[in-house]
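# An overview of the molecular structure
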Protein chains: 2
Amino acid sequence: MATGTTAPASLSELQSSYDALTARGLKLDLTRGKPSLAQLDLSGALLDLPLSVEHTAADGTDVRNYGGSDGLPEMRAIFGDLLGIPVEQLLALGNASLNVMHDVIVHALLHGVPGTAGSDKTIPWRDEQIAFLCPSPGYDRHFAITEHLGIRMIPLPYLDGGRLDLVAIAEHLKDPSVRGMWLVPLYANPGGQIVTVEEAQALVSLPAAPDFRIFWDNAYAVHHLTSDEKPAIDVLGLAAAAGTPDRPLVFASTSKITQAGAGVSFFGASPANIAWYRLHASVQTIGPDKVNQLRHARFLESADGVRAHMRKHRELLAPKFATVERILAERLTGHATWTTPLGGYFVTLTAPHGTATRAVELAKAAGIAVTPAGAAFPYSEDPDDALIRIAPSFPSLDDLEAAIDGLCSCVLLAEADAAEK
Amino acid sequence: MATGTTAPASLSELQSSYDALTARGLKLDLTRGKPSLAQLDLSGALLDLPLSVEHTAADGTDVRNYGGSDGLPEMRAIFGDLLGIPVEQLLALGNASLNVMHDVIVHALLHGVPGTAGSDKTIPWRDEQIAFLCPSPGYDRHFAITEHLGIRMIPLPYLDGGRLDLVAIAEHLKDPSVRGMWLVPLYANPGGQIVTVEEAQALVSLPAAPDFRIFWDNAYAVHHLTSDEKPAIDVLGLAAAAGTPDRPLVFASTSKITQAGAGVSFFGASPANIAWYRLHASVQTIGPDKVNQLRHARFLESADGVRAHMRKHRELLAPKFATVERILAERLTGHATWTTPLGGYFVTLTAPHGTATRAVELAKAAGIAVTPAGAAFPYSEDPDDALIRIAPSFPSLDDLEAAIDGLCSCVLLAEADAAEK
């Protein structure tokens, strides 16, 4: 967070500046955490690997044919290493971890999960009114799944400094209808928060319903913006030691490692949860695309291969985040605060309370697309109407400078507008 | 169907013959409709296409990044042509049409489908006890989905000559709990039946619940075993003309055209159903793998490209089906009947009633794996215990000869065993 002061500008000066901005006819997009073309080019060799002759996986599987619903052993080994999960507890699946999260919740709604009511019997979640804890701000697509499937969302504001509110969580978990909790443990979308080992330990230890599940979406497990390459927390090991082995469900993917729409997703969990997932997936699908998995395994080679590859992403991404921070400091010091994330894909800007919606509208009218205000909150309700999510990855540096500078003008104008009223 | 007589053999002769078979220590597999290695090799060039530079779809989409949940326009155009479906009513999706069928049913269970109760309001199917009509024998994975999701299955035996029992269907459709019907319209799995235009016309015209859906799984739409390359029935057009535009849901895939585990699936339906699917899929997924779709579009090129490619498959498959028929005629004439399919992936053998389970057991003990008896029926219940499904595609011709010849010995021994009792 950064604060300070700059010389104030009058409303008419800000309006003139904004009018000049709109006159430029910009068409810039800061909405989604999309890799840039240069980032996608880093994995160009993956797209060119000839597989017509060498189409056999390490275990002898012909990847072109049916079979192999767990995914290729070599992909499970590479990401088991990175995520700290034994290979037998990690499945390599289709092109989107979001899809796996959705399907896991659907399976739970229709069939229940292992350990319901402390027994082997499972009770479909849909037969009850259930709720999910939603650390907020959070990932809009998580909240979209929850809302779409009729699950009540309980907003759970982060404490200052990005800490989880463990007292509030403990209180909520006394309610047996609370069956799920979303969590991006490293470099959270959009706030950049980092769950500590102590927090993870508490999350797997707190008393809760026997079928309470933590949706541990490690989307940015290896997406560091600094040289401090934090290892993944062994949440499954912590849970097993705490006697709640089935509580965490771990998700990850290569979407922001290789190709955003054509990667490989991962699902890690206890042996009981893996068996449960296999049972339902065996009816749902013929198995994941093993050809794409073999491409990935050949290209990435090993956990160290992934780490080296991610450093190339960092070289492209870090200057963009630095640019955002520089312009925000130049333009908004004293007016707003913002995060300085150590990884992941987002900067969050906290505008003066009650001005985010207006600032985003102004930006849109000036040709600068930003995620709708409120989107990072359950039911799209930002209690302060203050948070603006910035995704710096996709635009070029020049476009990014223009977009952030323009956005700052909008924030200042919205602030001055509000002060007038 | 073929019938006739051969010289009878004694039980002891058959037992000796079977003992000699088991002594050979065979390890042959006739269970699943898997393409052979030579068939997979037909699409080798698809696996070798370099995409790192040319990664842009016809509409300008960079296939490597997020976005594009409908699938690539060029793939939708190629298969729209083959299936007789307007591009705007056909989506190109992930690597398995089975997955799409499962998910469509799940969306219907959780949310209902358009047109429920004749209005815009949708009633989740799961809130009622619903049933599906299941033409039998049928595809075991269809029945597995239905049973797993708690939907009652109503077996619907085909009439002699492979015709649908439209009288029975009309009667069943008077029951408003009947919401679905499975159907493989061309070269049905496993019986090879072909739905006629008149039957399709009747199916979309019969009175039924407003949210009744026909799961029109056109899995073998271009998988002809003869030069009679039947065009796809325009079931969506027939339904629209009959005033039931939302009734058919069309599924297809390239699984047995290119790579069995790494193809592209298709979903075709009315505009209302497509909008409904998009709504639910937009929450479930970030969209299908567009890289793989672009590979397919470049490799297949056009509908005529697909047709030409399928003729190469036919050259590999037709001799295998001929071999099966030849051996069955030599060994089982007068003892059993069998289908002579004009396309698709299966031959069904109708053994003497009450002997299929025993024959399949004997085959298994002799190292010849055949789909479990009964698997082609809802709840795995073959009322006659007679049907044996044979999948000739995967083994080499030599292995196939050995397997079918061995299977015939098992059928004859099971028949003689039964006659003794």
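Before going into details, it helps to say that this report is about the structure given with it. Note that the structure is a prediction, hence the values are computed from the model and not measured.

### Concerning the interface of chain B and chain A
Between chain B and chain A, the residue contacts involve 58 residues of the former and 58 residues of the latter. At the junction of chain B with chain A, the criterion picks out 4 salt bridges. The shortest N-O distance in the salt bridge between Asp-41 of chain A and Arg-64 of chain B comes to 2.7 Å. Across the chain B-chain A interface, the total number found is 30 residue pairs in polar contact (both at pLDDT 80 or more). Contributing elements (two or more residues each) for the side of chain B that touches chain A: helix H2 (37-41), helix H3 (44-48), helix H5 (97-111), helix H6 (140-148), helix H10 (271-284) and helix H11 (290-300) of chain B. The biggest single contributor to the side of chain B that touches chain A is H5 of chain B, with 9 residues. The residue inventory of the side of chain B that touches chain A, partitioned by class, reads 25 nonpolar, 20 polar and 13 charged.

### A word on H6 of chain B
Within the sequence span of H6 of chain B, burial applies to Asp-140, His-142, Phe-143, Ile-145 and Thr-146 of chain B. Gly-150 of chain B sits one or two positions beyond H6 of chain B and adopts a positive phi of about 75°.

### Comments concerning the packing of aromatic side chains
Under the counting rule described, the total for this entry stands at 18 aromatic pairs over all chains. Taking the centre distance of 6.0 Å and the plane angle of 80° together, the rings of Trp-125 of chain A and Phe-132 of chain A count as edge-to-face. One exposure class covers both Trp-125 of chain A and Phe-132 of chain A, and it is buried. For the pair Phe-215 of chain B and Phe-251 of chain B, a centre-to-centre distance of 5.9 Å together with 0° between the ring planes defines the contact as stacked. With Phe-215 of chain B in strand S6 (residues 213-217) and Phe-251 of chain B in strand S7 (residues 248-253), this pair connects stretches of sequence that are 36 residues apart. By the burial criterion, Phe-215 of chain B is buried, and Phe-251 of chain B matches it. Here the aromatic cluster, defined as three or more aromatic residues joined through ring pairs, consists of Trp-125, Phe-132, Trp-182, Phe-215, Phe-251, Phe-267 and Tyr-277 of chain A. Sitting over the face of the ring of Phe-394 of chain A, Lys-34 of chain A holds its NZ or CZ atom 4.9 Å from the ring centroid.

### Digging into the relation of the copies chain B and chain A
By a simple turn and slide, chain B fits onto chain A: the slide is 0.0 Å along the axis, the RMSD is 0.0 Å, and the turn is 180°. Expressed as a symmetry operation, the mapping of one chain copy onto the other fits a two-fold axis. Judged by C-alpha distance, Asp-48 of chain B is the residue of chain B that lies nearest the rotation axis, at 3.5 Å. A shared binding surface is used by both copies, with 100% of the interface residues of chain B retained as interface residues in chain A.

### Observations concerning the sheet that holds strand S12 (residues 387-390) of chain B
Residues and elements named next belong to chain B. Read across the open sheet, the 3 strands follow the order S9-S10-S12; overall the sheet is antiparallel. Each edge of the open sheet carries a strand with a single partner, namely strand S9 (337-338) and S12. Pairing of S9 with strand S10 (residues 347-350), which is carried by 2 bridges, proceeds in the antiparallel orientation. Looking at the pairing, Thr-337 lines up with Thr-350 of S10. Relative to the sheet, helix H12 (residues 303-332) contacts S9, S10 and S12, its axis offset from that of S10 by approximately 10°.

### Concerning the nonpolar core
Judged by nonpolar contacts, the single largest core of 94 residues is most densely connected at Phe-79, Leu-349 and Ile-388 of chain A. Among the elements that line this core, the one with the most residues is helix H14 (residues 397-420) of chain A, at 12 residues. The residues touching Leu-349 of chain A, leaving out its near neighbours within four places in the chain, are Leu-328, Leu-332, Ala-336, Thr-337, Trp-338, Ala-386, Leu-387, Ile-388, Ile-390, Leu-407 and Val-411 of chain A. If you look at the next biggest cluster of nonpolar residues, it comprises 93 residues, including Ile-169, Val-195, Leu-206 and Ala-252 of chain B.

### Description of the sheet that holds strand S12 (residues 387-390) of chain A
Residues and elements named next belong to chain A. Sheet architecture is open: 3 strands sit in the order S9-S10-S12, paired in antiparallel fashion. What marks the edges here is a single partner per strand, and that holds for strand S9 (337-338) and S12. Sitting on the sheet, H14 touches strand S10 (347-350) and S12, and the angle it makes with S12 is about 175°.

### Observations regarding the pattern of salt bridges
All told, the structure shown has 40 salt bridges over all chains when counted by the stated rule. With its nearest N and O atoms 3.1 Å apart, the salt bridge here joins Glu-171 of chain A to Lys-174 of chain A. A single network of salt bridges, built from pairs that share partners, joins Asp-41 of chain A together with Asp-62 and Arg-64 of chain B.

### Quick notes on the pairing of strand S5 (residues 178-183) of chain B
Counting buried positions over the 6 residues of S5 of chain B gives 6, a clear majority of the element. At this point the chain moves from S5 of chain B, through helix H8 (residues 197-205) of chain B, to the parallel S6 of chain B, and the crossover so formed is right-handed.

### What to know about the side chain of Asp-417 of chain B
Residue and element names in this part refer to chain B. Tracing the sequence through the fold places Asp-417 in helix H14 (residues 397-420). Under the relative-accessibility criterion, Asp-417 is labelled buried at 15%. Leave out the neighbours within four places in its chain, and Asp-417 touches Leu-11 and Arg-358.

Scoring rules and cut-offs
- Residues numbered from 1 in each chain as written.
- Chains lettered and ligands numbered in written order.
- Predicted model: local features only at pLDDT ≥ 70, side-chain atom pairs only at ≥ 80, totals over all residues.
- Heavy atoms only, no water.
- Contact = heavy atoms within 4.5 Å.
- Salt bridge = Lys/Arg side-chain N within 4 Å of Asp/Glu carboxyl O.
- Polar contact = N/O pair within 3.5 Å; in protein donor to acceptor, adjacent residues only side chain to side chain.
- Helix = DSSP H or I, 4+ residues; strand = E, 2+ residues; numbered from the N terminus.
- Nonpolar A, V, L, I, M, F, W, Y, C, P; charged D, E, K, R; others polar.
- Buried < 20%, exposed > 50% of the residue type's maximum accessible area, 1.4 Å probe, protein only.
- Phe/Tyr/Trp six-rings, centres within 6.5 Å; stacked < 30°, edge-to-face > 60°.
- Lys NZ or Arg CZ within 6 Å of the ring centre and 35° of its normal.
- Least-squares fit on C-alpha atoms with pLDDT ≥ 70 in both.
- Pairing = 2+ DSSP bridges.
- Axes fitted to C-alpha atoms, helices over the stretch in contact; angles between N-to-C directions.
- Core = buried A, V, L, I, M, F, W, Y, C linked by side-chain atoms within 4.5 Å.
- Right-handed = clockwise from strand over helix to strand, strands pointing away.

Worth remembering: the numbers are spatial, not functional.
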